[in-house]
Amino acid sequence: PRSMHDVYWLPHVDKNNTGHYDYSGLLYLSTHGSDFLGSMFEFVSLSDEETAEQRVEPRRGRLVSFTAGNENPHRLNIIEGGTRFVLSFWFSCDREKEFRTFLDG
């Protein structure tokens, strides 16, 4: 890992990583079990980071969207094999972060 943002398997809150994130999303482009192993998406409790409160099994076409604040700490399990493709995206409600043109992003 080059930075703390590369350590996706540790519980984290997206808004703590980037303060203007208000919503987070994942669109899976590959399927767990056939394209890759491991890398289950899990929501965890900040008081018990070891126990998954909710687990999402990645499947091609599945969209996961959630608020990016402290109410949704999460992690991914380490990829054990294959290749996992996912489109990750974040939204901000902060007008100061609005793109003036599409190419600003």
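Scroll up a little and you will see the structure.
Per chain, residue numbering runs from 1 following the sequence as it is written. Only residues with pLDDT of at least 70 are given local features in this predicted model, and only at 80 or more are side-chain atom pairs given and counted; all residues enter the totals for whole chains, interfaces and linings. Water and hydrogen atoms were dropped before computing side-chain values, which therefore reflect all heavy atoms in the structure.

Novice: When you look at the overall build of the protein in this model, what are you seeing that I'm missing?
Specialist: Looking only at helices and strands, the protein has one helix and eight strands in total. Reported as C-alpha extents along the three principal axes, the dimensions of the protein are approximately 40 × 35 × 25 Å. Relative accessibility under 20% of the residue-type maximum defines a buried residue, over 50% an exposed one, and the middle range a partly exposed one, all with a 1.4 Å probe and only protein chains included. In the protein, which comprises 105 residues, the share counted as buried stands at 30%. By definition, residues are in contact when any of their heavy atoms lie within 4.5 Å. Summarising the internal contacts of the protein: among those between residues at least 6 apart in sequence, 77% fall at separations of at least 24. The helix and strand labels rest on DSSP assignments: H or I over at least four residues marks a helix, E over at least two residues marks a strand, and numbering proceeds from the N terminus.

Novice: What should I look at first to understand unusual backbone geometry in this one?
Specialist: The bulk of non-glycine residues show a negative phi, and the bulk of peptide bonds are trans. Of note in the backbone geometry, S39 takes a positive phi value of approximately 60 degrees without being a glycine. Relative to the helices and strands, S39 is located in the loop between β2 (36–38) and β3 (41–45).

Novice: Any chance you could explain the sheet that holds strand β5 (residues 63–67) here in plain terms?
Specialist: Think of a sheet as strands paired side by side through backbone hydrogen bonds, with each pair either parallel or antiparallel. In short, DSSP must find at least two bridges between two strands for them to pair. With antiparallel pairing, the three strands of this open sheet are ordered in space as β5-β1-β8. Either end of the sheet is taken by a strand with one partner, and the two such strands are β5 and β8 (86–91). Averaged over all pairs of adjacent strands, the angle between strand axes in this sheet comes to 15 degrees, irrespective of strand direction. Sheet topology places strand β1 (residues 23–28) next to β8; six bridges connect them, and they run antiparallel. Across the sheet, the residue bridging to L26 is S88, located in β8. Axis definition: a line fitted to C-alpha atoms, over the contacting stretch in the case of helices. Angles run 0 to 180 degrees between N-to-C directions.

Novice: Help me understand the pairing of β3, please; the structure alone is not making it clear to me.
Specialist: Here is the key point about a regular strand: its side chains alternate between the two faces of the sheet. Taking burial as the measure, the five residues of β3 include five buried ones, the bulk of the element. Of the two faces of β3, the one holding F41, F43 and S45 and the one holding E42 and V44 are both buried throughout. Linking β3 back to strand β4 (residues 48–56) in an antiparallel pair, the connection comprises two residues. Here β3 runs beside strand β6 (residues 74–76); their pairing, made up of three bridges, is antiparallel. Directly across from E42, in β6, lies its bridge partner R75.

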